Amino acid sequence: MSFHPIEQAPARLNRSELAVPGSQPQMFQKAADSDVDVIFLDLEDAVAPDEKAQARKNIIKALNEIDWGKKSMSIRINGLDTHYMYRDVVDVVEQAGERLDLIMIPKVGTAADVYAVDMMVTQIEDAKGYKKRIGFEHIIETALGMQNVSEIAAASKRNESLHFGVADYAASTRARTTVIGGVNENYAVLTDPDPEGNRQVHWGDMWHYALSRMVVAARANGLRPIDGPFGDFSDPDGYKAAAYRAAVLGCEGKWAIHPSQIALANEVMSPSAEEIARAEKILAAMAEAEAAGKGAVSLDGRLIDYASIRQAEVLVEKARQIAA
Ligand code: GLV
Ligand code: MG
């Protein structure tokens, strides 16, 4: 390992994260009763300008009055370039800060954006005498945010997670798509012709680089990488495919923009019984190898070594967290 230690963000289950518009209070109780891990009550893009003030009031009331159980509660504030943002932070943290676990900062572009919100939240927490510190979740969803993702990830002790906001990222990079997440038939390659002259189209994942870059910045700073929205809520297979590919790259969770996506995210982001069994088998085989003075052995015809222990421990630890 490097001499540089990586401090891990507080362990928080974040397999699924439900977006709930702050202007739709009739949806709050259903969200509270769901199996989601994290809920963010939205003040930003799901709320029209005329509804921002009322949405803030709805959120304050709901944080104070609804029993949200063990769920982690977040608010998505408005962007730092709007005049709504300061009041989102001041009103909600002052009036409901004790039930707030996280603040989600959209369209974060630089480390200074994080610093500014940190300064405000710190003052309010100190003035109110709150014991608990509110964590930050950042949506990486602009070209500027992606360019500065490493500095953003390192910008505050409050940082807990980075989220890939695919819709705004597409807009910011002027990607040629109008759907939220998913694949694009124009992001593809043609195979060479086979002996009969036939060619196949292989679709690619146009978000691979962005998601991978964000995962690296998150993990290098001890944060959770979380994949953002998948807009077509009538396509559970498409959602699961997107979630699996994010999980394979290292993401710990995915947004649900519809309650039907919660179970899909929880399923994909929880290690399966087979994965856990295999991980436990690796740990047992390596313990035996170590006792025999060996650093690497073969298990079911494949090499395993000390790196295998670290991979297996990640899965076993996740299973423990879910069971807790
Ligand atoms: C989320 O905020 C997104 O823009 O995808
Ligand atoms: Mg967005």
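These numbers were taken from a predicted model, which means no experiment stands behind them. (Residues numbered from 1 in each chain as written. Chains lettered and ligands numbered in written order. Predicted model: local features only at pLDDT ≥ 70, side-chain atom pairs only at ≥ 80, totals over all residues. Heavy atoms only, no water.)

S.K.: Looking at this model, I keep getting lost on the overall build of the chain. Mind explaining?
M.R.: A tally of regular secondary structure across the chain gives twelve helices and twelve strands. The C-alpha radius of gyration computed for the chain amounts to 21 Å, which stays within 12% of the reference 20 Å derived for 324 residues, consistent with globular compactness. For the chain, the spread of C-alpha atoms along the principal axes amounts to about 60 × 60 × 40 Å. A buried classification covers 48% of the 324 residues belonging to the chain. The contacts in the chain between residues at least 6 apart in sequence include a share of 69% that link residues at least 24 apart. (Helix = DSSP H or I, 4+ residues; strand = E, 2+ residues; numbered from the N terminus. Rg over C-alpha atoms; globule rule 2.2 N^0.38 Å. Buried < 20%, exposed > 50% of the residue type's maximum accessible area, 1.4 Å probe, protein only. Contact = heavy atoms within 4.5 Å.)

S.K.: Help me understand the coordination of the magnesium ion (ligand 2) in this model?
M.R.: Metal coordination angles in their ideal form are 109.5 degrees for the four-donor tetrahedron and 90 or 180 degrees for the six-donor octahedron. Taken together, Glu 141 (OE) and Asp 168 (OD) make up the protein donors of the magnesium ion (ligand 2), found 2.0 to 2.1 Å from the metal. Of this pair, Glu 141 sits in the loop between β5 (135–140) and α5 (143–147) while Asp 168 sits in helix α7 (residues 166–173), placing them 27 residues apart in sequence. Looking at Glu 141, the relative accessible area reads 3%, which means it is buried. (Donors = N, O, S within 2.8 Å, 3.2 Å for Na, K, Ca; no water.)

S.K.: Is there a simple way to think about the pairing of strand β2 (residues 38–42) in this case?
M.R.: Residues in a regular strand point their side chains to alternate faces of the sheet. In terms of burial, β2 is a largely internal element, five of the five residues being buried. Traced from strand β1 (residues 16–21) through helix α1 (residues 28–33) to β2, the parallel crossover comes out right-handed. Both β2 and strand β3 (residues 72–76) contribute to a ladder of five bridges, which runs parallel. Across the sheet, residue Phe 40 finds its bridge partner in β3, namely Ser 74. Following the chain from β2 across helix α2 (residues 52–65) to the adjacent parallel β3, one finds a crossover that is right-handed. (Right-handed = clockwise from strand over helix to strand, strands pointing away. Pairing = 2+ DSSP bridges.)

S.K.: I would appreciate a short explanation of the site of ligand 1 in the present structure.
M.R.: All residues in the neighbourhood of ligand 1 are listed as Arg 76, Glu 141, Gly 165, Val 166, Ala 167, Asp 168, Pro 229 and Trp 255. With respect to ligand 1, the side chain of Glu 141 contributes an N or O atom lying 2.9 Å from an oxygen atom. Between an oxygen atom of ligand 1 and a main-chain N or O atom of Asp 168, the distance comes to 2.9 Å. Summarising the interface, the protein chains cover 93% of the accessible area of ligand 1, which totals 190 Å² for the free molecule. With three residues, the top contributor of residues to the shell around ligand 1 is α7. Considering only residue class, the shell around ligand 1 consists of four nonpolar, one polar and three charged. (Near = heavy atom within 4 Å. Polar contact = N/O pair within 3.5 Å; in protein donor to acceptor, adjacent residues only side chain to side chain. Areas by Shrake-Rupley, 256 points an atom, 1.4 Å probe, with all protein chains shown as cover. Nonpolar A, V, L, I, M, F, W, Y, C, P; charged D, E, K, R; others polar.)

S.K.: Honestly, helix α9 (residues 236–249) in this entry has me stumped. Any pointers?
M.R.: One turn of the α-helix equals 3.6 residues, which is why residues spaced by three or four share an orientation. With 14 residues, α9 ought to run about 20 Å at 1.5 Å a step, and its terminal C-alpha atoms sit 20 Å apart, in line with that. Within α9 the residues assigned to the buried category are Gly 238, Tyr 239, Ala 242, Ala 243 and Ala 246. The buried side chains of α9 occupy one side of the element, clustering within an arc of 130° when seen end-on. α9 presents Asp 237 and Val 248 as exposed residues on the side facing more than 90 degrees away from its buried surface. Where α9 terminates, the next one or two residues include Gly 250, which has phi positive at roughly 120°. (Expected span 1.5 Å × (residues − 1). Arc of directions from axis to C-beta.)

S.K.: Got a minute to help me understand the packing of α2 against helix α3 (residues 85–96) in this structure?
M.R.: In helix packing, the relevant descriptors are the interaxial angle and the interaxial distance, both defined with respect to the helix axes. Two elements in contact, α2 and α3, have axes whose closest approach is 9 Å; the angle formed by their N-to-C orientations is 25°. The orientation of α2 relative to α3 falls into the category roughly parallel. As α2 packs across α3, the resulting crossing turns out to be right-handed. Counting all contacts with α2, which are made through Arg 56, Ile 59, Ile 60, Leu 63 and Asn 64, the residues of α3 involved are Arg 87, Asp 88, Asp 91, Val 92, Gln 95 and Ala 96. Across the contact of α2 with α3, the residue classes tally to five nonpolar, two polar and four charged. (Axes fitted to C-alpha atoms, helices over the stretch in contact; angles between N-to-C directions. Parallel < 35°, antiparallel > 145°, perpendicular 65-115°, else oblique. Left-handed = near helix turned anticlockwise from the far one by under 90°.)

S.K.: Hey, could you run me through the UniProt feature "domain: HpcH/HpaI aldolase/citrate lyase" (unreviewed entry) in the chain in this one?
M.R.: When the UniProt feature table is mapped onto this chain, "domain: HpcH/HpaI aldolase/citrate lyase" (unreviewed entry) is found at residues 16–259. Helix makes up 39% of residues 16–259 and strand makes up 19%, while its end C-alpha atoms are separated by 10 Å. (UniProt positions renumbered as here; feature names shortened; annotations may be inferred.)

S.K.: Looking at this model, I keep getting lost on the confidence of the model for the chain. Mind explaining?
M.R.: Caution applies to low-pLDDT regions: their predicted coordinates should not be interpreted in detail. Taken over all residues, the pLDDT of the chain has a mean of 96, while the share at 70 or more is 100%. Scoring of the predicted complex yields 0.95 for pTM and 0.99 for ipTM. (pLDDT = per-residue confidence, 0-100.)

S.K.: What am I meant to see in the pattern of salt bridges here?
M.R.: Pairing between side chains of opposite charge can happen when their charged atoms approach one another. For the structure on display, the rule yields 27 salt bridges. Asp 205 is the salt-bridge partner of Arg 245, the closest N and O atoms lying 2.6 Å from each other. Of this pair, Arg 245 sits in helix α9 while Asp 205 sits in the loop between β8 (201–203) and α8 (208–220), and the two are 40 residues apart along the sequence. Of the residues examined, Arg 245 reaches a relative accessible area of 21% and is grouped as partly exposed. For Asp 205, a relative accessible area of 24% translates into the label partly exposed. Asp 227 is the salt-bridge partner of Arg 245, the closest N and O atoms lying 3.2 Å from each other. (Salt bridge = Lys/Arg side-chain N within 4 Å of Asp/Glu carboxyl O.)

S.K.: Explanation requested: the environment of Arg 219 in the structure shown.
M.R.: By the secondary structure assignment, Arg 219 is in helix α8. Note on Arg 219: relative accessible area 34%, which makes it partly exposed. The residues touching Arg 219, leaving out its near neighbours within four places in the chain, are Ile 6, Arg 224, Pro 225, Gly 250 and Glu 252. Only 2.7 Å separates the side chain of Arg 219 from the backbone oxygen of Gly 250, close enough to count as a polar contact.

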